[in-house]
Structures are given as C-alpha cells and as structure tokens.
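A closer look at the structure
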Amino acid sequence: MSEEQANIGVVGLAAMGASLSRNLAHHGNTVAVYNRHYSRTEALIAEHGSEGAFIPAKTVEEFVSSLAKPRTAIIMVKAGAPTDAVINELADAMEPGDIIVDGGNAYFEDTIRREKDIRARGLHFVGCGISGGEEGALKGPSMMPGGTDESWKTLGPILKSIAAVAEGEPCVTHIGTDGAGHFVKMVHNGIEYADMQVIAESYDLLRRGLGMEPSEIAEVFAEWNKGDLNSYLIEITAEVLGHKDAKTGKPFVDIVVDQAGMKGTGTWTVQTALSLGTPVTGIGEAVFARGLSSEAALRDEAASKGLEGPDPEGAFAEALKDDESRKAFIEDVRQALYASKIVAYAQGFNEIEKGAKQYGWDIDLGAVARIWRGGCIIRAKFLNRISDAYDSSETFGSLLFDPFFKDAVAKAQTSWRRVVSKAAEAGVPVPMFSSSLAYYDGLRSKRLPAALIQGQRDLFGAHTYFRVDESGAFHTLWAEPGQKEIEQG
Ligand code: NDP
C-alpha cells in the first residue's frame, strides 16, 4: 500500500462510483477506493489507474487508514439497506470529526435519520444528491450536498473541483443541513419528469394532430432548441426523434414499447408535496401519465371495449388547412409547452420553499437554479432566468409573479388555451398542458368554489367555516328550523 494519504475516498465502484472516482482523480485529488468485492476495485485500477492518484483498499479498515484527516468518504452503493450497512461499517472504523457522504439517491427522510444517528457518534453525515448519471459523474455532475457548515469546509473544495461548470461557476452549492440536499435532488427529479412530459405531449399533438413524421418533428425541436426552450432535454428529443431503427429502418420512436418506466423519485416528489399540502400538479400528472402508459392490460381492455372518442381529424381541420395554419399551430404548441414548463418549475420551487419551512432549512432558491444550469438532466438556459427571479425580491410566493415569467405566460396564454381546447376536442390527452393551465387560472382567481366545499363540510361534518366579513369560526345548525349560525370559539 502507498504511504501517501488520500484526501477523499469512494466506497462502491459500480457505474457511478467508478466514474466519480476517476473524475476526482482527474482533478488532482488522491482517491482511496474500496468496493465490497475486490474484483471491481482491481478492474478500476487496471483500466484507469494511470489516469490519476488512486489508493486501492481490500478492507474497510485499510480504506479508512489510507485517508487523511478529517477522513472524507463518499458512498456510492445501492440505495436502502446496503447504504445503511456501509455507513455503519465506516462509522465503526472512523473517528469523531470524520465525514461520511452518501452520494446515492436516498429518500430525504432517511438522510435526516442517518444524519442524526451519525452526529450522535461525533461524525459528520452529508446526504448529497448527484445528478447527471454516469456521464455526469465522470465529466462533471450537478451536486446538491446537505450537512453541517463544518463538513462543507472540507467537502466544498473537493466537490467544486469535479462539478460541472456553467458560465464559469461550479454546479454545486451547500444546500442546507441534514436532508436538504436529497430533498432538492428529489424535486429536481420531479421537475425532470414534468419537463419530459410536456415535451411528450407536444410531440403527440404534432404527430397525431398534424400527422407529422418523427423526422419532421425532430426538426421542429431542433429549431425550438435555438430559442427560449434551449435545453438538454429538447436537444436529446430532436436526436431521439431523428433516430432510425437499425434493424427495420423505421423511426426509432415507433419500435419502442410505449410504457415509460420510473425508479421512484418522481413519486416521492408528489407524495412529499401531498403531505406538505403544496400543489405540484404538473409533476403529479407526469408521474400519473407514466403510470397510465404502463397499464398495458387496462389500455388493451379499453381498446377492445371500444371506448368512444371524437373525430380527431375534424378538430385539427383548421390547423391542417394550409402551410401557414400548420406553422401557427406548431407555434401554439411551443407556447403551450413553454407556459406549462414555467408552471411546473414554479410549483417545484414552491415545494422546495415549503419543505425548507417544514424542516428548518435555509435554502437559497437562486443558487439552486444556478447549480442546475449544468451537469444535470434539466440543464437549460431558462434556469438563468429563474436564478435572476429568485435573486430579485419581486418573486415572493411564486415564480409566476416575476416580471419576466409573468410576461412570458401572458404572451403564451392564448396559444396555450387554444392547444388545450383543441386537444380536448380531438381526444388527444395533454394532462400537463391542461392541469398547468387549470393551476394558473386557479391561482389568478379572486374567488374559488372552495367556499361551497367549506359549506358542504360544515353541513355534513360540522367542520365550521370562516366568514368574509367577520373574524372567528362559525357553524350553521343545518338540521334545525331557521338554520341558525353559531360562533365556535
Ligand atoms: P448500484 O446501485 O447498481 O449498486 C452497486 C454497488 O453497490 C456495487 O458497488 C455493489 O458492490 C454495492 N453494494 C450492493 N450491496 C452492497 C452491500 N450490502 N454492501 C456493500 N456494497 C454493496 O450502483 P450505481 O453505480 O448504479 O449507483 C450507485 C448509487 O448512485 C445508487 O444509490 C444510485 O441510486 C445512485 N445514483 C445512480 C445514478 C445512475 O444514473 N446510475 C444517478 C445518480 C445516483 P459489489 O460490487 O460488491 O456488489
């Protein structure tokens, strides 16, 4: 074993851990590496050992003793029980003041629990969201670490050395204490679902509505990528739609089974939003749309039962009239996509704000938008506008109040409404476009029908209500003659 000590260690050398170790070594760090089965460690050193300074270890004890103090180790193993097992092994071998980092996709409440346990043992625990997949881990991810200020002093420079760089700034910032980093990573993934769903709905309208070929739609997305929508997801959409299947020569998108998978972070985002009472309708629709896509048997059953729908051609006749009308409809869809995307981000950032309040985190929303500009799946130019919005004091309550976004949605709304009504008329599902529009209209309504719901609740359950003209809670004696109102303390 080398006499040299490592300034950082990585435990778990599968796809993510190996890439992260190499990235660390490429940037001048001396990296201790350990994996439960030594074969992975050997393979990493054999294939990439010459890329930088690595110290391979066969046991946890050997790994820990190769680290300089404060010993800092990033865990990149399977989420759940394996992560708990590795945390305990490391904590047993480490000393007070050392830092254990979980770089996996942990649920933030698990991170809160783990941080508390590890803190009680005198060590630091950092839950760090890492976005960008294997390529990001190797070439520069976007990272969202939680944990103490003290651990950030040691870890910050190391993470900054390997993060993606956007406009000269590293895509990493100290998000907040305990579970804050994994919370923000969770919402990032939820927004990613929403971003992908609005793109999918746009594609569906152009395909089913205008009858365009995937290769033609690829050109539309490539064009959109030059403007406000410029982003990694729009860019890869053009690539996927332009791709031809090598076996059949057919458009690739036509040979793929139309059932979208998911690993669970989108679901966590929605479950958490429900418990916080903050509406993330866009993310919710995106998760449910994947759910419906995967209900293959139910959809087959629906087809066999011949569930009735409208005549789509009739609904799109106007848009198909001539070239100019087609172009106008494509522009309407672009505007609908843009407005729905703004709503989804506004809702996602509101969830982060609500979470921060609930769990006592001081999260800088402008900084969150900045570290998402590079390295991660939702990276986009648009995030500069979001960071500007949160850096200014005008965006209290919602991103939709920021002058830039308020104006963008105001300009888009006529197109947006046309697209939603056309889709409904044609029977093409656009759950995100329509639910985002309903959220926008709900938000700007002076009075909502919730007053009626409150009346119903009081009638059947004596849940009481507030009056618009008096303070205090009231209940009406609905069953009694005269239905007298009484004040309820
Ligand atoms: P996997 O999730 O496939 O996990 C494999 C690694 O976990 C191997 O190193 C394996 O060791 C180790 N492991 C499994 N069980 C145990 C155990 N009981 N004790 C010790 N080690 C164990 O690896 P990935 O590289 O795909 O992901 C690592 C983490 O990063 C996961 O938490 C994942 O959620 C997260 N992540 C993944 C992303 C991705 O795009 N793949 C993106 C962002 C985060 P062994 O070789 O000995 O079996």
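Residues numbered from 1 in each chain as written. Predicted model: local features only at pLDDT ≥ 70, side-chain atom pairs only at ≥ 80, totals over all residues. Heavy atoms only, no water.

Under an unreviewed UniProt entry, the name given to the chain is 6-phosphogluconate dehydrogenase, decarboxylating, and the organism recorded is Bifidobacterium psychraerophilum. The heading Sequence similarities (unreviewed entry) in the UniProt record of the chain holds the text "Belongs to the 6-phosphogluconate dehydrogenase family." Among the UniProt annotations of the chain, the heading Catalytic activity (unreviewed entry) holds the following wording: "6-phospho-D-gluconate + NADP(+) = D-ribulose 5-phosphate + CO2 + NADPH". (UniProt positions renumbered as here; feature names shortened; annotations may be inferred.)

Moving on: the overall build of the chain. Assigned secondary structure in the chain consists of 21 helices and 12 strands. For the chain, the proportion of its 489 residues judged to be buried stands at 49%. Nonlocal contacts in the chain, meaning residues at least 24 apart in sequence, comprise 66% of its contacts between residues at least 6 apart. On the chain, roughly 23000 Å² of surface is accessible, and the fraction owed to carbon and sulfur atoms is 52%. Each charge class in the chain can be summarised by its mean position, and for the 49 positive and 68 negative side chains these summaries are 1 Å apart. (Helix = DSSP H or I, 4+ residues; strand = E, 2+ residues; numbered from the N terminus. Buried < 20%, exposed > 50% of the residue type's maximum accessible area, 1.4 Å probe, protein only. Contact = heavy atoms within 4.5 Å. Areas by Shrake-Rupley, 256 points an atom, 1.4 Å probe, with all protein chains shown as cover. Lys, Arg positive; Asp, Glu negative; His and termini not counted. Charge placed at Lys NZ, Arg CZ, Asp CG, Glu CD.)

Residues annotated by UniProt as "binding site: substrate" (unreviewed entry) correspond here to Asn105, Ser131, Gly132, Gly133, His188, Asn189, Tyr193, Lys263, Arg290, Arg457 and His463. In terms of the greatest pairwise C-alpha distance, the residues named above, spread along 359 residues, do not form a single cluster, extending to 48.7 Å across. Of the residues named above, Asn105 line the largest cavity. By the secondary structure assignment, serine 131 is in strand 6 (residues 124-131). Beyond its immediate chain neighbours, meaning those up to four positions away, serine 131 contacts Pro141, Ser142, Met144, Lys185, His188, Gly375, Cys376 and Ile377. Position of asparagine 189 among the secondary structure elements: in helix 8 (residues 180-209). (1 Å grid on protein atoms, 1.4 Å probe; cavity = no way out; pocket = protein on both sides within 12 Å on 5 of 7 lines; lining within 4 Å.)

What follows deals with the sheet that holds strand 12 (residues 485-487). On the basis of which strands lie adjacent, the open sheet formed by three strands has the order 10-11-12 and antiparallel pairing. Both outer strands of the open sheet, strand 10 (465-466) and strand 12, are each paired with one neighbouring strand and no more. Bridge analysis of strand 11 (residues 473-476) against strand 12 gives three bridges, and the strand direction is antiparallel. Its bridge partner lying in strand 12, phenylalanine 474 is registered against glutamate 487. (Pairing = 2+ DSSP bridges.)

The subject of this paragraph is the sheet that holds strand 5 (residues 99-102). Strands sit in the order 3-2-1-4-5-6-7 across an open sheet of seven strands; the sheet is mixed. The two strands at the open ends of the sheet, each matched to only one other strand, are strand 3 (53-56) and strand 7 (142-145). Direction aside, neighbouring strands of the sheet carry axes that sit 25° apart on average. Note: strand 1 (residues 8-11) against strand 2 (residues 30-34), four bridges, orientation parallel. Each residue of the ladder has a partner; that of isoleucine 8, found in strand 2, is valine 31. Running over the sheet, helix 7 (residues 149-162) touches strand 1, strand 4 (72-75), strand 5, strand 6 and strand 7 and is turned about 25° from strand 6. (Axes fitted to C-alpha atoms, helices over the stretch in contact; angles between N-to-C directions.)

Attention now goes to empty space enclosed by the protein. The full count for this structure, using the stated rule, is one cavity of 30 Å³ or more. Each pocket or cavity is described by its volume, and for the largest cavity that value is around 30 Å³. In terms of lining, the largest cavity is formed by Asn105, Ala106, His182, Lys185, Met186, Thr265 and Trp268. Here the lining of the largest cavity takes three residues from helix 8, the largest share from any one element. For the lining of the largest cavity, a count of residues per class yields three nonpolar, three polar and one charged. (Points joined across faces, edges and corners; volume = space filled by probe spheres on them. Nonpolar A, V, L, I, M, F, W, Y, C, P; charged D, E, K, R; others polar.)

With that out of the way, let us pick up the domain arrangement of the chain. Once the domains are mapped, the chain shows domain 1 (8-174), domain 2 (185-444) and domain 3 (449-488). Centre-to-centre, using C-alpha coordinates, domain 1 lies 57 Å away from domain 3. (Domains from an automatic or database assignment.)

This part is about a nonpolar patch on the surface. Taken together, Leu459, Phe460 and Trp478 make up a surface patch of nonpolar side chains, about 340 Å² in accessible area. Note that leucine 459 resides in helix 21 (residues 450-461). What makes leucine 459 exposed here is its relative accessible area of 51%. (Patch = residues over 30% accessible without salt bridge, like charges linked within 9 Å, V, L, I, M, F, W, Y side chains within 5 Å. Salt bridge = Lys/Arg side-chain N within 4 Å of Asp/Glu carboxyl O.)

Once that is clear, we can look at the UniProt feature "active site" (unreviewed entry) in the chain. If you check UniProt for "active site" (unreviewed entry), the listed places come out as Lys185 and Glu192 in our numbering. From this annotated list, the subset lining the largest cavity comprises Lys185. If you trace the backbone, lysine 185 turns up in helix 8. With a relative accessible area of 4%, lysine 185 lands in the buried category.

With 89 residues, the main nonpolar core has Leu205, Leu206, Phe221, Ile363, Trp372 and Ile386 as its most contacted residues. Here the element with the most residues in this core is helix 16 (residues 323-359); it accounts for 15 residues. Looking at which domains feed residues into this core, each of domain 1 (8-174) and domain 2 (185-444) gives three or more. Residues contacting isoleucine 386, with those up to four places away along its chain left out, are Tyr345, Phe349, Ala369, Leu399 and Phe405. One finds Val10, Leu13, Ile99 and Met143 within the second-largest nonpolar core, a separate group that totals 27 residues. (Core = buried A, V, L, I, M, F, W, Y, C linked by side-chain atoms within 4.5 Å.)

A separate point is the site of the ligand. Around the ligand sit 19 residues, and of these Met16, Asn35, Arg36, His37 and Arg40 come closest. At 3.5 Å, a backbone N or O of leucine 13 approaches an oxygen atom of the ligand. Within the side chain of histidine 37, one N or O atom sits 2.6 Å away from an oxygen atom of the ligand. Of the residues that constitute the shell around the ligand, the class distribution is 10 nonpolar, six polar and three charged. (Near = heavy atom within 4 Å. Polar contact = N/O pair within 3.5 Å; in protein donor to acceptor, adjacent residues only side chain to side chain.)

A word on the pattern of salt bridges. Taken as a whole, this structure holds 30 salt bridges when the rule is applied. Aspartate 92 is the partner of arginine 121 in a salt bridge, and the nearest nitrogen-oxygen pair spans 2.5 Å. One end of the pair, arginine 121, is in the loop between helix 5 (108-120) and strand 6; the other, aspartate 92, is in helix 4 (residues 81-93), and 29 residues separate them in sequence. Take arginine 121: its relative accessible area is 35%, and that puts it in the partly exposed class. Accessibility expressed as a relative area gives 58% for aspartate 92, which makes it exposed. Linked by salt bridges that have partners in common, Asp84, Asp102, Asp110, Arg113 and Arg114 make up one network.

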